[in-house]
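Chain by chain, the residues run as shown.
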Amino acid sequence: MVNFVGAGPGAEDLITVRGQELLRAADIIIYAGSLVNPKLLEEANADCRIYNSAYMTLDEVMKVMIDADRLGRRVVRLHTGDPSLYGAIREQMDRLKEAGIPYQICPGVSSFCAAAAALQAEYTLPAVSQSVIITRMEGRTPVPELEQLHLLAGHGCTMVIFLSVGMAKKVQQELLRGAYSGDTPCAIVYKASWKEEQIVRGMLKDLPQMAFTHGIRKTALIVVGECLGEDYELSKLYDASFTTEFRKGTKV
Ligand code: SAH
């Protein structure tokens with residue numbers, strides 16, 4: 001059995017309890033060294049063999065996993081944040097399936113959640129935005145035609161943009177082709193939940209400058225949308241006149 005485990009966004013106490021237990025029980029850990037906090041590896045038992053996948057190809061990762069499983073070892077593949085986002089787990093799962101090796105996934109706290117916490121923001125605000133788009137700017141990895149940033153930006157909802165802070169100027173241009181204006185609030189969150197966390201707030205017209213001034217070129221998210229602004233409506237759920245399954249509303 002191979003366990004894919006979400007390591008969380010960085011802070012070592014933001015892994016799930018289940019994820020921590022799996023780490024402690026592992027005979028082999030293969031971790032994504034570019035972003036997983038090495039402190040998490042202190043949980044491993046003394047005999048555990050640890051591999052950093054940053055130096056490995058897919059074939060090499062699969063060989064370690066498959067050989068270990070054949071010997072009955074417990075394998076943890078530790079991915080940053082939640083494995084379902086930009087985690088490249090599908091290709092590993094498909095190879096395991098071919099090899100007849102069962103696997104499970106333990107979810108993790110994604111960096112987009114840690115960024116909201118750092119910003120003390122609510123991404124979905126009544127009358128402001130009820131949707132969050134998670135996406136990235138096209139880089140060496142292509143983005144499908146219909147998901148080009150300027151097209152997604154047409155919704156004007158909350159957007160969290162991964163893997164793109166190094167292209168902040170291009171991101172800004174694409175967002176401005178959509179429903180946002182130069183005055184739309186935005187933020188860059190660098191290393192959310194790590195000790196080195198930095199939050200830079202501003203307006204879309206300043207986005208490239210915000211990244212440049214703070215020397216932020218990677219390991220950051222760009223958040224854009226009016227959810228970072230001042231205006232919203234109160235929720236219906238907690239409105240005194242609103243009846244729900246659990247509470248009868250009072251007449252006003
Ligand atoms: N699966 C991960 C994302 C991996 S892609 C998740 O759920 O968060 C790697 C990108 O995620 C980085 O380039 C950066 O854009 C973002 N990222 C990961 N950890 C981050 C953190 N702690 N703070 C800000 N951005 C982070």
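Residues numbered from 1 in each chain as written. Predicted model: local features only at pLDDT ≥ 70, side-chain atom pairs only at ≥ 80, totals over all residues. Heavy atoms only, no water.

1. Focus: the overall build of the chain
Step number 1: Scanning the chain from N- to C-terminus turns up 7 helices and 10 strands.
Step number 2: Taken over the C-alpha atoms alone, the chain extends approximately 65 × 50 × 35 Å along its principal axes.
Step number 3: For the chain, long-range pairs separated by at least 24 residues make up 65% of all intrachain contacts whose partners lie at least 6 apart in sequence.
Step number 4: Surface accessibility of the chain: about 14,100 Å² in total, with carbon and sulfur atoms responsible for 52%.
Step number 5: In the chain, 27 side chains carry a positive charge and 30 a negative one; their mean positions are 2 Å apart. (Helix = DSSP H or I, 4+ residues; strand = E, 2+ residues; numbered from the N terminus. Contact = heavy atoms within 4.5 Å. Areas by Shrake-Rupley, 256 points an atom, 1.4 Å probe, with all protein chains shown as cover. Lys, Arg positive; Asp, Glu negative; His and termini not counted. Charge placed at Lys NZ, Arg CZ, Asp CG, Glu CD.)

2. Points about the pattern of salt bridges
Step number 1: In total, this model carries 10 salt bridges according to the counting rule given.
Step number 2: Of the charged contacts in the structure, one is a salt bridge between Asp59 and Arg95, with a shortest N-O distance of 3.0 Å. Within this pair, whereas Asp59 is found in helix H2 (residues 58–70), its partner Arg95 is found in helix H3 (residues 90–98), the two being separated by 36 residues in sequence.
Step number 3: Here Lys63 makes a salt bridge to Asp67, at a shortest N to O gap of 2.6 Å. On the criterion of helical spacing, the pair formed by Lys63 and Asp67 is a turn pair, its members being 4 residues apart in helix H2.
Step number 4: Taking relative accessible area as the criterion, Lys63 reaches 53% and is therefore assigned exposed.
Step number 5: The network of salt bridges with common partners includes Arg90, Asp94 and Lys97. (Salt bridge = Lys/Arg side-chain N within 4 Å of Asp/Glu carboxyl O. Buried < 20%, exposed > 50% of the residue type's maximum accessible area, 1.4 Å probe, protein only.)

3. A short note on unusual backbone geometry
Step number 1: Unusually for a residue other than glycine, Ala88 sits at a positive phi of about 55°.
Step number 2: Notably, Gln120 is not glycine yet its phi reads approximately 50°, a positive angle.
Step number 3: Mapped onto the fold, Gln120 is located in the loop between helix H4 (111–119) and strand S6 (132–136).
Step number 4: Overall, Gln120 belongs to the exposed group, its relative accessible area being 74%.

4. Examining H4
Step number 1: Listed in full, the buried residues belonging to H4 are Phe112, Ala114, Ala115, Ala116, Ala118 and Leu119.
Step number 2: Tucked into the core, H4 has its buried residues touching S6, strand S7 (158–162), strand S8 (185–190), strand S9 (198–203) and strand S10 (220–224).

5. Considering the site of the ligand
Step number 1: Taken together, 18 residues surround the ligand, and among them Leu85, Ser110, Ser111, Ala192 and Ala220 come closest.
Step number 2: Contact distances for the ligand include 2.8 Å between an oxygen atom and a side-chain N or O atom of Ser110.
Step number 3: Between the ligand and Ser111 there is a distance of 2.7 Å, counted from an oxygen atom to a side-chain nitrogen or oxygen.
Step number 4: For the ligand, whose free accessible area comes to 540 Å², the fraction covered by protein is 94%.
Step number 5: Summarising the domain contributions, the shell around the ligand has at least three residues from each of domain 1 (2–106) and domain 2 (111–228). (Near = heavy atom within 4 Å. Polar contact = N/O pair within 3.5 Å; in protein donor to acceptor, adjacent residues only side chain to side chain. Domains from an automatic or database assignment.)

6. Quick word on the environment of Arg77
Step number 1: The residue Arg77 is located in strand S4 (residues 75–79) in this model.
Step number 2: Sequence separation between Arg77 and Ile199 is 122 residues, and the spatial gap between their C-alpha atoms is 30 Å.
Step number 3: Looking at Arg77, its side chain comes within polar contact range of the main-chain oxygen of Ile30, at 3.4 Å.
Step number 4: Of the polar contacts made by the side chain of Arg77, one reaches the side chain of Ser53; its length is 3.2 Å.

7. Some details on the UniProt feature "domain: Tetrapyrrole methylase" (unreviewed entry) in the chain
Step number 1: According to UniProt, the positions carrying the feature "domain: Tetrapyrrole methylase" (unreviewed entry) are residues 1–207.
Step number 2: In residues 1–207, helix accounts for 26% and strand for 21%; the two terminal C-alpha atoms are 45 Å from one another. (UniProt positions renumbered as here; feature names shortened; annotations may be inferred.)

8. Some remarks on the packing of aromatic side chains
Step number 1: Scanning the entire structure with this criterion turns up 3 aromatic pairs.
Step number 2: With a centroid separation of 5.2 Å and an interplanar angle of 45°, the aromatic rings of Tyr86 and Phe162 are classed as tilted. Of this pair, Tyr86 sits in the loop between S4 and H3 while Phe162 is found in strand S7, placing the two residues 76 residues apart along the sequence.
Step number 3: Taking the relative accessible area as the measure of exposure, Tyr86 reaches 39% and is therefore partly exposed.
Step number 4: When the ring centre of Trp194 is taken as origin, the NZ or CZ atom of Lys191, which lies over that ring, is 4.0 Å away. (Phe/Tyr/Trp six-rings, centres within 6.5 Å; stacked < 30°, edge-to-face > 60°. Lys NZ or Arg CZ within 6 Å of the ring centre and 35° of its normal.)

9. Description of the packing of H2 against H3
Step number 1: At a minimum axis distance of 11 Å, the contact between H2 and H3 shows a crossing angle of 45°. As summarised for this structure, H2 and H3 are arranged oblique, according to the angle between their axes. The chirality of how H2 crosses H3 is right-handed. For the pair H2 and H3, the contacting residues are Leu58, Asp59, Val61, Met62, Met65 and Ile66 in the first and Glu91, Gln92, Arg95 and Leu96 in the second. (Axes fitted to C-alpha atoms, helices over the stretch in contact; angles between N-to-C directions. Parallel < 35°, antiparallel > 145°, perpendicular 65-115°, else oblique. Left-handed = near helix turned anticlockwise from the far one by under 90°.)

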